[in-house]
Amino acid sequence: MSLEKKSAEKSIVILISGRGSNMASLLSAVASGKLPVRIAGVISNRPDAQGLVMAAAHGVPTCVVDHQQFADREAFDTAMAAAIDQLAPDLVVLAGFMRILTDGFVQHFAGRLMNIHPSLLPSFPGLHTHRRALEAGVRIHGCTVHFVTPTLDHGPVIVQAAVPVLDGDDEAGLAARVLAQEHQVYPMAVRWFAEGRLRLADGRVVLDVAQDAAGLLIAPVAL
Ligand code: GAR
C-alpha cells in the first residue's frame, strides 16, 4: 500500500430518515476539524426528511432512495446499496435511519456499517425507547453506538453513554438528555474508525484507544 493511500482521509455516507440531528453533529464535527473524514453523501429513504435540507446547506451531496417506490424490502435494499456503492465510502453511518435492513444489505457492508440507538442495548431495542425506560423504572438510560448485524438494534457495542433517569422525568425530557449524549458519542466512534483505531474482527469490536481516558461508557457528571 502506498503512503498516499495509507494516509488518505476516510469517507463516510450517512443514512437518515428524518430530523437529522445526529447527522448534524457529524457535519459540525467535520466542519470544526474534530472529525477527519470526508462526507461523501447523505442518503434518505424519505423525500421529506428535514436532514436533507441541512445537509444540502452544508454543501454535502444528498440523494433520496424512496422506499415507497419499491415492491419489497429486498428491492429497496438493493437500490440503497447501489446508491451507497456509487459513493464508495469506507463507512456507512446510520443516523436515525428507520428501516429494517435485509441480511444481504448488512452482509454487503459488514464491518463498515454503524448505528446509533437511543437506549443502553441490549435493553429496549426497537421503538419508543424512552417511554419504555420510564415504564420499566430504570435509573440509568442512555444510548449505544454499535456495528450492525442482521438482528435489529443488535450487534457489537462500540461505545455507550449513560444518563440518570430523574424523578419527574417525562419522555421528552429524557429523550433530550439522551440525544445530547448521542451527539457526543457518535462523532467519537466515527473518529475512532476513521483513525484506524476501531474495527470489527470475528464479530468482536477491536478498539485501540486509551480506555481510561476516552472511556467506552460516557457518564456525564453535569446535567
Ligand atoms: C435518534 O435518537 C437515534 O438514536 C434514533 O432515532 C433518532 C434520530 O434522530 N435511532 C433509532 O431509534 C434506531 N433504532 P435524529 O434524526 O435527530 O438523528
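Note that the coordinates shown come from a computational prediction; the quantities given were computed from them, not determined experimentally.

Let's shift gears to the side chain of D153. Mapped onto the fold, D153 is located in the loop between β6 (140-147) and β7 (157-164). Buried D153, no salt bridge; nearest opposite-charge side chain is R132, N-O distance 7.1 Å. What D153 contacts, discounting residues up to four positions off in sequence, is N115, H117, L121, P125, G126 and H146.

Our next topic: the side chain of T129. Along the polypeptide, T129 turns up in helix α6 (residues 129-136). With a relative accessible area of 4%, T129 lands in the buried category. If we skip the residues at most four places from it in the chain, T129 touches H117, P118, S119, F124 and H141.

This part is about the packing of aromatic side chains. Tallied over the full model, the rule gives two aromatic pairs. Between the aromatic rings of F70 and F76, the centroid separation amounts to 5.9 Å while the plane-to-plane angle is 65 degrees, which identifies the pairing as edge-to-face. On the basis of relative accessible area, F70 is assigned to the partly exposed category, the value being 28%. Ring centres of F105 and F109 lie 4.9 Å apart, and the angle between their planes is 55 degrees; this geometry places the pair in the tilted category. For F105, a relative accessible area of 3% puts it in the buried group. Since its relative accessible area comes to 0%, F109 is described here as buried. Seen from the ring of F76, R99 lies directly overhead, with NZ or CZ sitting 5.2 Å from the centre.

Right, let's talk about the site of the ligand for a bit. Near the ligand the following residues occur: R19, G20, S21, N22, G96, M98, I116, H117, P118, D153, L179 and E182. Here G20 contributes a backbone N or O atom positioned 2.8 Å from an oxygen atom of the ligand. Within the side chain of E182, a nitrogen or oxygen atom sits 2.7 Å from an oxygen atom of the ligand. Protein contact buries 88% of the 450 Å² of open area that the ligand shows by itself. At the level of secondary structure, the elements contributing two or more residues to the shell around the ligand comprise α2 (21-31), β5 (113-117) and α7 (171-194). For the shell around the ligand, the class distribution of residues is four nonpolar, five polar and three charged.

What follows deals with the pattern of salt bridges. Tallied over the full model, the rule gives six salt bridges. A salt bridge links D48 to R46; the nearest nitrogen and oxygen atoms lie 3.5 Å apart. Classification of R46 as partly exposed rests on a relative accessible area of 38%. For R197, the salt bridge goes to E195, with nearest N and O atoms at 2.5 Å. The exposure class of R197 is partly exposed, given its relative accessible area of 24%. Put simply, R191, E195 and R197 are held in one network by salt bridges that share partners.

What follows concerns the pairing of β6. Counted residue by residue, β6 has seven buried out of eight residues, so it is predominantly covered. The pairing of β5 with β6 spans four bridges and is classified as antiparallel. Looking across to β6, one finds that M114 is bridged to F147. Bridging between β6 and β7 involves seven bridges; their strand directions are antiparallel.

Attention now moves to the environment of V53. Checked against the element boundaries, V53 lands in helix α3 (residues 50-57). V53 sits in the exposed class, given a relative accessible area of 60%. Separated by 54 residues in sequence, V53 and Q107 place their C-alpha atoms 30 Å apart.

Locating A49 in the fold gives a position in the loop between β2 (37-44) and α3. Overall, A49 belongs to the buried group, its relative accessible area being 3%. With 112 residues separating them in the primary sequence, A49 and A161 have C-alpha atoms 26 Å apart. Sequence-distant contacts of A49, that is, excluding residues within four places in its chain, are made with I16, S17, G18 and S44.

The rules behind these values
Residues numbered from 1 in each chain as written. Predicted model: local features only at pLDDT ≥ 70, side-chain atom pairs only at ≥ 80, totals over all residues. Heavy atoms only, no water. Helix = DSSP H or I, 4+ residues; strand = E, 2+ residues; numbered from the N terminus. Buried < 20%, exposed > 50% of the residue type's maximum accessible area, 1.4 Å probe, protein only. Lys, Arg positive; Asp, Glu negative; His and termini not counted. Salt bridge = Lys/Arg side-chain N within 4 Å of Asp/Glu carboxyl O. Contact = heavy atoms within 4.5 Å. Phe/Tyr/Trp six-rings, centres within 6.5 Å; stacked < 30°, edge-to-face > 60°. Lys NZ or Arg CZ within 6 Å of the ring centre and 35° of its normal. Near = heavy atom within 4 Å. Polar contact = N/O pair within 3.5 Å; in protein donor to acceptor, adjacent residues only side chain to side chain. Areas by Shrake-Rupley, 256 points an atom, 1.4 Å probe, with all protein chains shown as cover. Nonpolar A, V, L, I, M, F, W, Y, C, P; charged D, E, K, R; others polar. Pairing = 2+ DSSP bridges.

By themselves, these figures tell us nothing about what the structure is for.
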